[in-house]
Amino acid sequence: MKTLKVINQTESCCTTAKDVEVQETVNNSNKKLPIVIIGAGPIGLAAVAHLVEQKQAFILLEAGNEIAHNIRTWGHVTLFSPWRYNINKAAKALLEGSDWQEPNLETIPTGHELIDLYLKPLAELAQIKPSIRLNSKVVGISRQLNDKMKSKNRVNQSFNVYVEKGDDINIIEAKAVIDATGTWGNPNPANSTGVWLQTEKALADHIEYGIPNINSNTKRYANKKIAVIGGGHSAINTLLALAELQKENPSTKLVWIMRKRSVEEAYGGEEKDALAARGALGIRIHELVDTGKVEVVTPFYISLIKKEENINIIGTLNEEQKVLTGFDELIVNAGNRPDLTMNSELRLSIDTATESVQALAPLIDPNEHSCGTVRAHGEEILRQPEKDFYIVGAKSYGRAPTFLMATGYEQVRSITAYLSGDEEASKRVELELPETGVCSINLVNQSNTCC
């Protein structure tokens, strides 16, 4: 049985009109309440670093059993951008006061290195560690005394953050909330329409989403027929890792399924690419396709995945229904989507197409932008109808895959400045990025998230 514990909660029972006025006074002076940050990944910890700099009280909540728990699940993957774009300025200033050893800023870290060489040392600092709560899953956020429908006195009420921790439910009262939970762990299905079907869910033991660590699970994939679904860099790097496995296990059959009009669209600029590493990636996958090591099926629109003797993939190819048969395993690289369940009692402005913050949508639309062409943005763009509540980081981009970690750092710098009363600083743009440099990649186990 779960128990309920209220933290920093103003004591109240029944109220009269006079009591309501008193309550307004109390909540208008809620500067003593903490700012709650949800998600102890790079963006959440950057927000914390800025709040330490601004001498603001905070609580950092992480659902996992360590900071950056989601990143640990893809720790073998190498990021797109070098260290210089992955270290937040405020965090760096705090770390330089400790015995932290700064990594080579020109090298590109793996997810494991990002945690172990940067995020963990940051989280261990005396100014931060006491305010981190692990194994703390946020299940809901509301205004105190109000559900989503109630308007009276709403903006003057503090937030209640409902947290499951073991068998307890804690309610944390906060003056502001920053949701930095990201989108990882909430993947899009293989189905081209984006609809999750039970037939796909039933195949969970034979489907991996994202970029699996092939080297640590060779038995699962060796000498099997594998479909890799998706047309981005994640799919390409998954195929490159599988091609290495194929060298030692030649019966491994690789089929690349995507919706692009032609496979050439996935190769990028190759030799003409402004980024040599990205071009080399296209060259390598092009070679694998040309030599027959990877079979390509495109443009293929999946409508159903079904288990019979093996896995069959049913869909449309050139306007004709086609069934691809005989698969043992599927790897789906179709991106992720935000989970807004915890935010359902708040008043939000979310774009209907990207599921990003509404005002951000035109700036990040993947039909128009790559990660190198999204301009910096801050508190004003990310502001919600629910005053002092913000969605930041990858979750602020919704389904758009153009998010940059450095851009997320600028988001929280601006927001924390605003929440600290420095409106002028919140309006400044303090992010300068080369047009393409942060989108560069290396060739091993590369992520398609640009960060």
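Description of the structure in this document. (Residues numbered from 1 in each chain as written. Predicted model: local features only at pLDDT ≥ 70, side-chain atom pairs only at ≥ 80, totals over all residues. Heavy atoms only, no water.)

As for the overall build of the chain
Stated formally: Only runs of H or I of at least four residues qualify as helices and only runs of E of at least two qualify as strands under DSSP, and these elements are numbered from the N terminus. Summary of the burial criterion: residues with accessible area below 20% of their type's maximum are buried, those above 50% are exposed, and those between are partly exposed, where the area comes from a 1.4 Å probe applied to protein chains only. What makes two residues a contact is simply this: any of their non-hydrogen atoms within 4.5 Å.
Tallying secondary structure elements over the chain gives 14 helices and 17 strands in all. Counting every position in the chain, which comprises 451 residues, the buried fraction comes to 51%. Pairs at least 24 apart in sequence give 71% of the contacts found in the chain among residues at least 6 apart.

With respect to the sheet that holds strand β16 (residues 329–332)
Rules: Only when DSSP finds a minimum of two bridges between them are two strands counted as paired. To define axes, lines are fitted to C-alpha atoms, for helices over the stretch in contact only, and angles between the resulting N-to-C directions are given on a 0 to 180 degree scale.
Spatially, five strands are ordered β9-β16-β10-β11-β12 in an open sheet, and the strand pairing comes out parallel. Of all the strands in the sheet, just β9 (207–209) and β12 (294–297) have a single pairing partner and so form its edges. Direction aside, the axes of adjacent strands within the sheet are offset by 20° on average. Sheet analysis places strand β10 (residues 225–229) next to β16, joined by four bridges and oriented parallel. Along β16, the bridge assignment pairs Ile-229 with Val-332.

Looking at empty space enclosed by the protein
Selection rule: Using a 1 Å grid laid over the protein atoms alone, points where a 1.4 Å probe fits but cannot get out form a cavity; open sets with protein on both sides within 12 Å along at least 5 of 7 lines form a pocket; any residue with an atom within 4 Å of a point counts as lining. Grid points are joined across faces, edges and corners, and a volume is the space filled by probe spheres set on the points. Throughout this entry, Asp, Glu, Lys and Arg are counted as charged residues, while Ala, Val, Leu, Ile, Met, Phe, Trp, Tyr, Cys and Pro are counted as nonpolar. The remaining residues, Gly among them, count as polar.
Counted under the stated rule, the structure contains one cavity of 30 Å³ or more. By volume, the largest cavity is sized at about 40 Å³. Contributing to the lining of the largest cavity are Asn-191, Leu-197, Thr-199, Glu-200, Ile-302, Ser-303, Leu-304 and Ile-305. For the lining of the largest cavity, the element with the most residues is strand β13 (residues 300–307), which contributes four residues. Its residues assigned to classes, the lining of the largest cavity shows four nonpolar, three polar and one charged.

Some details on the packing of helix α2 (residues 42–53) against helix α13 (residues 405–419)
Under the convention used in this document: When the near helix sits turned anticlockwise from the far one by under a right angle, the crossing is termed left-handed; a clockwise turn instead gives a right-handed crossing.
Viewed as axis vectors pointing N to C, α2 and α13 meet at an angle of 35°, and their least axial separation amounts to 9 Å. Considering only the axes of α2 and α13, their crossing is right-handed. Only Met-405, Gly-408, Tyr-409, Val-412, Arg-413 and Thr-416 of α13 make contact with α2, whose side of the interface consists of Pro-42, Ile-43, Ala-46, Ala-47, His-50 and Leu-51. Looking at the contact of α2 with α13 residue by residue, the classes come out as eight nonpolar, three polar and one charged.

Notes on the sheet that holds strand β14 (residues 311–317)
Pairing is antiparallel in the open sheet, where three strands are placed in the order β13-β14-β15. At either end of the open sheet lies a strand with only one pairing partner, and these are β13 and β15 (320–327). The mean inter-strand angle of the sheet, taken between neighbouring strand axes irrespective of direction, is 25°. The pairing of β14 with β15 spans six bridges and is antiparallel.

A closer look at unusual backbone geometry
Most peptide bonds adopt trans geometry, and most residues besides glycine take a negative phi value. In this structure, the amide linkage connecting Thr-298 to the following residue, Pro-299, adopts the cis form with an omega of -5°. Mapped onto the fold, Pro-299 is located in the loop between β12 and β13. Positive phi values are uncommon outside glycine, yet Lys-55 reaches one of about 60°. Note on placement: Lys-55 falls in the loop between α2 and β3 (58–61). Owing to a relative accessible area of 76%, Lys-55 belongs among the exposed residues under this scheme. Positive phi, normally seen in glycine, also occurs at Ala-68, with a value near 55°. Inspection of the secondary structure assignment puts Ala-68 in the loop between β3 and α3 (69–73). Relative accessible area serves as the criterion here: at 3%, Ala-68 is assigned to the buried category.

Some points on the environment of Tyr-397
Within the fold, Tyr-397 resides in the loop between β17 (389–391) and α13. Residue Tyr-397 is classed as buried on the basis of its relative accessible area, which comes to 0%. Spatially, the C-alpha atom of Tyr-397 lies 10.0 Å from that of Ile-350, the residues being 47 residues apart in sequence.

Re the pairing of strand β6 (residues 159–165)
Judged from the six bridges that link them, strand β5 (residues 137–143) and β6 form a sheet pairing that is antiparallel. Following the sheet pairing, Gly-140 is matched in β6 by Tyr-162. Both β6 and strand β7 (residues 168–174) contribute to a ladder of seven bridges, which runs antiparallel. Paired with Asn-160 across the two strands is Glu-173, which belongs to β7. Linking two consecutive strands that pair antiparallel, namely β6 and β7, is a turn of two residues; a positive phi of about 60° is found at Gly-166 within it.

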